[in-house]
Structures are given as structure tokens and as C-alpha cells.
Amino acid sequence: MNKVRMGIVGLGNMGKFHADYLLNHQVSRAELTAVSDAIPANLERYPSLATFARSEDMIRSGLIDAVIIATPHYLHTTIGIDALERGLHVLVEKPISVHKADCERLLAAHKDPKLVFAAMFQLRTDGKFKKLKQLVSNGELGELFRVSWIISDWYRTEAYYASGGWRATWKGEGGGVLLNQCPHNLDLMQWICGRPSKVRGFCQLGRYHAIEVEDNVTAYLEWPNGATGVFITSTGEAPGTNRFEICGDRGKLVLEQGKITFTRNEIPMREFSRTSKAGFARPEVWNVDVPYEGTSPQHHEITQNFVDAILDGKPLIAPAAEGVYSVEMANAMLYSALINDTVSLPLDGQAYEKKLNQLIAESKFQKKTVQVTAEDFTKSFVK
Ligand SMILES: NC(=O)c1ccc[n+]([C@@H]2O[C@H](COP(=O)([O-])OP(=O)(O)OC[C@H]3O[C@@H](n4cnc5c(N)ncnc54)[C@H](O)[C@@H]3O)[C@@H](O)[C@H]2O)c1
């Protein structure tokens, strides 16, 4: 095989975007041959491609080697399992599933090691996050002690929530800001800083919008070495903040307004504390502006990497197997808030699924949808 024949399931905001860059040949050695969507009008936009109302038929058509899944999240699991069992390579949108138990079902279907299974965590290709990961992994910060990410600039209007019947409902989406906007941030946080072992979440449901799920979250986190952190997010706050701060023995990294600053301790803080004879002294610091290369758009880079993995065995930037970690953290924040207690990780996926099913069963929420004005969807991507 010297070319990958691609299909896309789901031609809403995201699926359309994937189709556009594939049709514009921004991914080499990939050819978009088929698309599938439940809404016929979405298929009519692609008269030159094979079109399918049912993903099952596209998956069995023999016309594609690989599929991008860009449907509402719950379907990632069922369509992903179907595609993997039928021998297709799969690139699934974030979150890979709505909850941990579904992630495990989906990942269990990836039995054939020859099949490439990747997730769309495009921010892993963004220069600033690659640089943060490199600095932390290289030990520039020494041992990590505190992580804080205030990402409260995911502002969304009521019209956004009303734009799709599935959005912001327990049954259709399985959560709010943590499941839709934050999978990227949660993935990056664990990718750069490692996985926390304890979570205490405080989630306000429908704080700013007429929705039944969380749109305002503050979570306290603890890592196995005792490092602590906070993760604060909202879709209702304007102007919001996006500040990611990582503190370690050797100093502090801050990413804000697209700029990375590294305030580096000349002497590591614990050593200084042990050895200084003065009570109010503090380590001398160097202030470093850290350069990095490359920002958005990044989706096609993940797709290119997916194609290169299929054709050349190139390592994946974002293997789907790592997608469970961001889902688990989102679930843990919600679960902790719902049971009003601290949650240890690994999360009990069955217990969370039961809680979510209870929320679905008890929901009295009437979702209203409206036709929204067409606008540039790429404005929604994180900066
Ligand atoms: N990586 C990113 O930056 C990014 C950005 C936005 C959305 N997403 C993800 O993409 C996914 C879709 O989000 P969206 O904003 O495009 O939603 P959307 O509502 O705009 O689009 C979903 C599409 O799926 C179609 N669909 C629903 N059920 C289907 C089925 N059974 N078979 C085929 N098609 C079906 C719908 O008709 C619709 O066209 C979500 O999981 C979301 O988290 C990722």
C-alpha cells in the first residue's frame, strides 16, 4: 500500500474541517474516498465521494483503509469498535469515549497490532506544549511540586449549546466543559506532568447556561510524589484566563498569552532552604523567555502522523490508548463533585458508569435546539 484511502464518519463542524484539509491535499499519501453522516444534506456537499447514511455500510464498503470518527462522543465507542473489528485503522476524535468503562471497551477492540489506532490530540503537535514537555522531561524543573492550569477562556454562548441536540446533556454528551472542551487540556497536563493519583472536584452544573451538565469546574489534584495542583475551567466566564503554571525544585514555567517564561532558580529551592543561613533569603533567579516553533493549525499533522504510522510504522504522536487518561480525569472530577468526596485514581470505571446512567435515567431536562448562524468554527480552537 502506498496510499491510505480514508473515510470520515460525522460531517459536522469537525468532520467538515477534516474533509477540507484532506481534499486540499494537506496530508500526503492520503485520499479521502468516502464519507458518512446521518443527515443527508451533509453528504450532498461531497458529490465526488462515496457517501453513506450508515457508518456500518461505509466500514464494510471495501472503499476505505482507515476512518476518522468525528461524531458525538458516545458514538466514538460503538463506531470505533465496529471499525477496528472490521480491520480498519482508526483515528478517533477526542474524547476517545465518554467514560472510562467505554474507553476500555473501545481499546479492547484494538486486538490487531498491525492496525493503527490514534486519537486527535492535535495540541501535542503545538510547539509551545512540545517545548513544555521537553523542559519537564529533561529535568529542567527538577522534581515537580505544583501544577496549576486556569483555562477559563472556553467561553460558549447559549446558541452554541442549542446548536446540537446532543450537546451538554448527560444522555447525548455525557458531560459538559470537561468532556467537550477540556480533553485537550487534561491530555496535555498528564502528558507533560504525569498522571495524578487523587482528585477532588467541584463542578457546577448549568451555572452559566441553560444546560444540565457542568460549565464551571474547580478541581484539586495530587500526584503520587505529593505534588499538588488545581485545574479551573469554565465556558461561562468572559474574559477568561489561560495560564498554565508548573513549579518544580529548579524553578517555575508559565505559559500565558502564547508566551513561555521560565524563572529558573540558581540553586534548587530545597537545597537553598537547607543551606541558607538567612531566614528571609530566596534563591537568585534567571528569567528566561523560552522560544518555540510552530503553532496552529495542527489537526492535519496528527492525521499525517496517522498515515505515516500506517504506511511506514512511524510512532504515533497520540496513541488512542493514551486517550483514556484525560477521560478518566474528567470523569473523576465529575464523580468527585457528584459524590462530594475525594476520588483516588485509577478511577472505578464501573462505579462512574453507574452514576452517569443514573443521571441519564433521572434527567428531566428538555433540550431546545435552534439553527445557529454560520461562523468560522476554527475560532473555537484553543490558542
Ligand atoms: N479536535 C478538536 O479540536 C475538536 C474540535 C471540535 C470537536 N471535536 C470533536 O468532534 C466530535 C464532533 O463534534 P462536532 O462539533 O463536529 O459536532 P457536530 O454536532 O457539529 O457534528 C456531529 C456530526 O455527526 C453526525 N452524526 C451523528 N450521528 C451519526 C451517525 N450515527 N453516523 C454518522 N454521522 C452521525 C451528525 O449528523 C453531525 O453532522 C466530538 O467528539 C468533539 O469532541 C474535536
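Everything below is about the structure printed above this text.
Described below are features of the structure shown in this document. Keep in mind the model is a prediction, meaning the values are calculated, not measured.

Definitions and limits used
Positions within a chain are numbered from 1, following the residues in the order the chain's sequence is written. Restriction of local features to residues with pLDDT of at least 70 applies here, the model being predicted, together with a cutoff of 80 or more for giving and counting side-chain atom pairs; totals for whole chains, interfaces and linings are based on all residues. Here a strand is any run of E in DSSP of at least two residues, a helix any run of H or I of at least four, and the numbering for each starts at the N terminus. Between the buried cut of 20 or more and the exposed cut of 12 or fewer other C-beta atoms within 10 Å of a residue's own C-beta lies the partly exposed class, and all C-beta atoms are placed from the backbone. Working definition of a contact: two residues with C-beta atoms, positioned from the backbone, lying within 7 Å. Any residue qualifies as near a molecule or strand once its backbone-derived C-beta atom lies within 6 Å of it. Residues are grouped as follows: nonpolar covers Ala, Val, Leu, Ile, Met, Phe, Trp, Tyr, Cys and Pro; charged covers Asp, Glu, Lys and Arg; every other residue, Gly included, is treated as polar. All axes here are fitted lines through C-alpha atoms, helices being fitted over the stretch that makes contact, and every angle between N-to-C directions spans 0 to 180 degrees. Should an angle fall under 35 degrees it is called roughly parallel, over 145 degrees roughly antiparallel, and 65 to 115 degrees roughly perpendicular, with every other angle called oblique. The crossing is said to be left-handed when, going from far helix to near helix, the turn is anticlockwise and less than a right angle, and right-handed when the turn is clockwise. We call two strands paired when DSSP finds no fewer than two bridges between them.

## Focus: the environment of Q190
Now for step 1: Secondary-structure assignment places Q190 in helix α9 (residues 183-193).
Now for step 2: Judged by the 17 C-beta atoms lying within 10 Å of it, Q190 falls in the partly exposed class.
Now for step 3: Separated by 135 residues in the primary sequence, Q190 and Y325 have C-alpha atoms spaced 7.5 Å apart.
Now for step 4: Leave out the neighbours within four places in its chain, and Q190 touches R195, Y325, S326 and M329.

## Thoughts on the site of the ligand
Now for step 1: In the vicinity of the ligand there are 25 residues, among which G10, G12, N13, M14 and E93 approach most closely.
Now for step 2: Looking at the shell around the ligand element by element, the count peaks at 3 residues for helix α1 (residues 13-23).
Now for step 3: Taken together, the residues of the shell around the ligand break down into 10 nonpolar, 12 polar and 3 charged.

## Points about the packing of helix α5 (residues 100-108) against helix α12 (residues 323-339)
Now for step 1: Where α5 contacts α12, the two axes come as close as 9 Å, and the packing angle between them is 165°. Here α5 lies roughly antiparallel to α12, going by the angle between them. In this structure, α5 crosses over α12, and the sense of that crossing is left-handed. Residue-level inspection shows K100, C103 and L107 of α5 in contact with α12, the latter providing G323, V324, V327, E328 and N331.
Now for step 2: When grouped by side-chain class, the residues that make up the contact of α5 with α12 number 4 nonpolar, 2 polar and 2 charged.

## Some remarks on the pairing of strand β2 (residues 30-36)
Now for step 1: Burial analysis of β2 places 6 of its 7 residues in the buried class, the great majority of the element.
Now for step 2: Here strand β1 (residues 4-9) pairs with β2 via 6 bridges, running parallel. The partner of V4 across the bridge, within β2, is A30.

## Regarding unusual backbone geometry
Now for step 1: The linkage connecting A238 with the following residue, P239, adopts the cis geometry, with an omega of -5°.
Now for step 2: Inspection of the secondary structure assignment puts P239 in the loop between β10 (228-234) and β11 (242-248).
Now for step 3: The peptide bond linking L345 to P346 adopts the cis configuration, its omega dihedral lying at 5°.
Now for step 4: Counting through the fold element by element, P346 comes out in the loop between β15 (343-344) and α13 (349-362).
Now for step 5: One non-glycine residue with positive phi stands out, namely R29, at about 65°.

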